[in-house]
Amino acid sequence: MILVGDRRLGEASPAAAGMLAPSVERASGPAHDFAIAARDLFPEYLELLETETGVAVSLNRRGVLQVAVTESGVKGLRKAALPSTEWLDRNELTRLEPVLSHALGAVLNPNDGCVDNIAMLAALERLVASSDRVPRVEGWVTKVSRHGNDQRVLLGSGEALYAARVVLAPGAWGSSIDGAAWLRFVTPSRGQLVAYESIGLRHVAYGPRGYLVPRGGATIAGSTMESVGFDAATTPDGVAKVNSAAEEICPAISAARVSSAWAGLRPVTPDMLPLLGPDPANPGLLYACGHSRNGILLGPLTGEVIASLVAGEPAGHDLSQFRPDRF
Ligand SMILES: Cc1cc2nc3c(=O)[nH]c(=O)nc-3n(C[C@H](O)[C@H](O)[C@H](O)COP(=O)(O)OP(=O)(O)OC[C@H]3O[C@@H](n4cnc5c(N)ncnc54)[C@H](O)[C@@H]3O)c2cc1C
């Protein structure tokens, strides 16, 4: 196995908020079942990662709150709530999260939560660096093509690599790779995030226009969804929108110090579901990309199913909604 990749400003994985919220960012059918299975894989996955690397990654499974700040918000949330959720009235919510005491109530989605994706990436980097079975090649892939029974991967430097199978995971930049037809449906969507000093929030909280995520000594607020190509810079307007959505969820955040702001490029598809599985026209080429708003959540299970497919084994999950050629 060879890992080929290059760094780009705006990579989504380190920029993400780390929410594991399949009950809120809800898909339908087998895609929803896949997302729930992905969430429930995290405890075992992070334990294995810690055993292999010594890096402990914090996982929060306290549940995700959807906060109502108006009477119509209360009605809407109660109407859409799943049977597995719990409605918290104002007093119950205040007991659970004193910083949300201004809200009228909230839906609690049990078992959803968040992961420290920065720590998770550090653990994965360490795992790859310590393995002599996974050599790394720094380079920008420009083209993939069939070469007899193998696949040929051409780099910008002119170097070519050969393999029986190639897994494509180029984030938002896939459309620049020649020879992988379905990558043209993955486009960049910029998201801006703002980190505040912690306001003491313990649960992920969604509001009408954004969300708050507790991470270590910070509370992270997000996010915008902007079609601005590959521009990964923050803007005063974007940061102002995130601030305003955060204050709607928790007015007290206006007094908290902002420690940083950043942006990342989500690899989005027209239906916001990933492309997973072999290219029907070239089965040696496997897609593992286009995870849109949920790539941190879906990442570990994606790795598991793609590894099975590469080994010629069944995926173990219904991937029909993720067919790369569905558009
Ligand atoms: C602001 C924001 C908030 C988010 N919040 C969440 C969240 O709370 N929960 C969640 O589950 N998801 C979230 N996401 C989505 C999630 O981050 C993405 O779906 C996921 O990280 C995508 O991972 P990826 O590996 O496909 O892409 P990336 O992390 O962008 O990585 C792609 C890599 O491929 C490299 N590359 C690309 N093209 C080539 C090439 N031709 N040759 C060589 N290398 C190449 C790039 O340089 C990069 O290193 C968020 C995203 C953003 C931007």
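Now for a description of the structure that goes with this document.

Analysis parameters
Residues numbered from 1 in each chain as written. Predicted model: local features only at pLDDT ≥ 70, side-chain atom pairs only at ≥ 80, totals over all residues. Heavy atoms only, no water. Axes fitted to C-alpha atoms, helices over the stretch in contact; angles between N-to-C directions. Helix = DSSP H or I, 4+ residues; strand = E, 2+ residues; numbered from the N terminus. Parallel < 35°, antiparallel > 145°, perpendicular 65-115°, else oblique. Left-handed = near helix turned anticlockwise from the far one by under 90°. Contact = heavy atoms within 4.5 Å. Nonpolar A, V, L, I, M, F, W, Y, C, P; charged D, E, K, R; others polar. Phe/Tyr/Trp six-rings, centres within 6.5 Å; stacked < 30°, edge-to-face > 60°. Buried < 20%, exposed > 50% of the residue type's maximum accessible area, 1.4 Å probe, protein only. Lys NZ or Arg CZ within 6 Å of the ring centre and 35° of its normal. Pairing = 2+ DSSP bridges. Near = heavy atom within 4 Å. Polar contact = N/O pair within 3.5 Å; in protein donor to acceptor, adjacent residues only side chain to side chain. Areas by Shrake-Rupley, 256 points an atom, 1.4 Å probe, with all protein chains shown as cover. Salt bridge = Lys/Arg side-chain N within 4 Å of Asp/Glu carboxyl O. Expected span 1.5 Å × (residues − 1). Arc of directions from axis to C-beta.

This next bit is on the packing of helix H2 (residues 29-53) against helix H5 (residues 117-129). Contact geometry of H2 with H5 gives a least axis separation of 10 Å together with a crossing angle of 50 degrees. Classified by the angle between their axes, H2 and H5 sit oblique to one another. Handedness of the H2/H5 crossing: left-handed. Along its contact with H2, which presents Phe42, Tyr45, Leu46, Leu49, Glu52 and Thr53, the element H5 presents Met120, Ala123, Leu124, Arg126 and Leu127. Of the residues assigned to the contact of H2 with H5, the class counts are eight nonpolar, one polar and two charged.

Scanning the entire structure with this criterion turns up six aromatic pairs. Look at Trp182 and Phe185: their rings are 6.3 Å apart centre to centre, the planes differ by 15 degrees, and that puts the pair in the stacked class. Residue classification places Trp182 among the buried residues on the basis of a relative accessible area of 18%. Feature note: the residues Trp182, Phe185 and Phe327 constitute an aromatic cluster, connected by ring pairs. One residue, Arg8, lies across the ring of Trp140, its end atom 3.6 Å from the ring centre.

A separate point is the sheet that holds strand S9 (residues 141-147). Read across the open sheet, the three strands follow the order S9-S10-S11; overall the sheet is antiparallel. Two strands close off the open sheet at either side, each with one partner strand: S9 and strand S11 (160-163). With direction set aside, neighbouring strand axes in the sheet form an average angle of 20 degrees. Relative to S11, strand S10 (residues 150-155) runs antiparallel, the two sharing four bridges.

Attention now goes to the site of the ligand. The full set close to the ligand counts 34 residues, and Asp6, Glu11, Ser13, Met19 and Val141 are the nearest of them. The separation between an oxygen atom of the ligand and a polar side-chain atom of Glu11 is 2.5 Å. At 2.9 Å, a backbone N or O of Ser292 approaches an oxygen atom of the ligand. Coverage of the ligand by the protein amounts to 91% of the 1000 Å² it exposes when considered alone. For the shell around the ligand, the secondary structure elements donating two or more residues are helix H1 (12-15), strand S13 (187-197), strand S17 (258-268) and helix H7 (295-310). At four residues, S17 tops the list of elements feeding residues into the shell around the ligand. Tallied by class, the residues present in the shell around the ligand amount to 16 nonpolar, 12 polar and six charged.

Along the chain, Thr302 turns up in helix H7. On the basis of relative accessible area, Thr302 is assigned to the buried category, the value being 6%. From its side chain, Thr302 meets the backbone oxygen of Leu298 in a polar contact 2.7 Å long.

Right, let's talk about the pattern of salt bridges for a bit. Going through the model one piece at a time under the given rule, you end up with 13 salt bridges. For Asp40, the salt bridge goes to Arg39, with nearest N and O atoms at 2.9 Å. Via salt bridges that share partners, Arg7, Glu11, Glu125 and Arg136 belong to a single interconnected network.

Three- or four-residue spacings in an α-helix give side chains the same orientation, since the helix completes a turn every 3.6 residues. Look at helix H6 (residues 236-249): 20 Å from first C-alpha to last across 14 residues, which is about the 20 Å you get at 1.5 Å a residue. Listed in full, the buried residues belonging to H6 are Gly238, Val239, Val242, Asn243, Ala245, Ala246 and Ile249. Buried residues of H6, seen end-on, are gathered within an arc of 165 degrees and therefore sit on one face of the element. Residues Pro236 and Lys241 are exposed on H6 and point more than 90 degrees away from its buried face. On its buried side, H6 packs onto S13, strand S14 (204-206), strand S15 (211-215), strand S16 (218-222) and S17.

Residue Ser223 is bonded to the preceding Gly222 through a cis peptide linkage, with omega at -15 degrees. Inspection of the secondary structure puts Ser223 in the loop between S16 and H6. In this model, Met272 sits at a positive phi of 65 degrees, which is unusual for a non-glycine residue. Despite not being glycine, Ser292 has its phi angle at roughly 55 degrees, a positive value. Positionally, Ser292 belongs in the loop between strand S19 (282-289) and H7.

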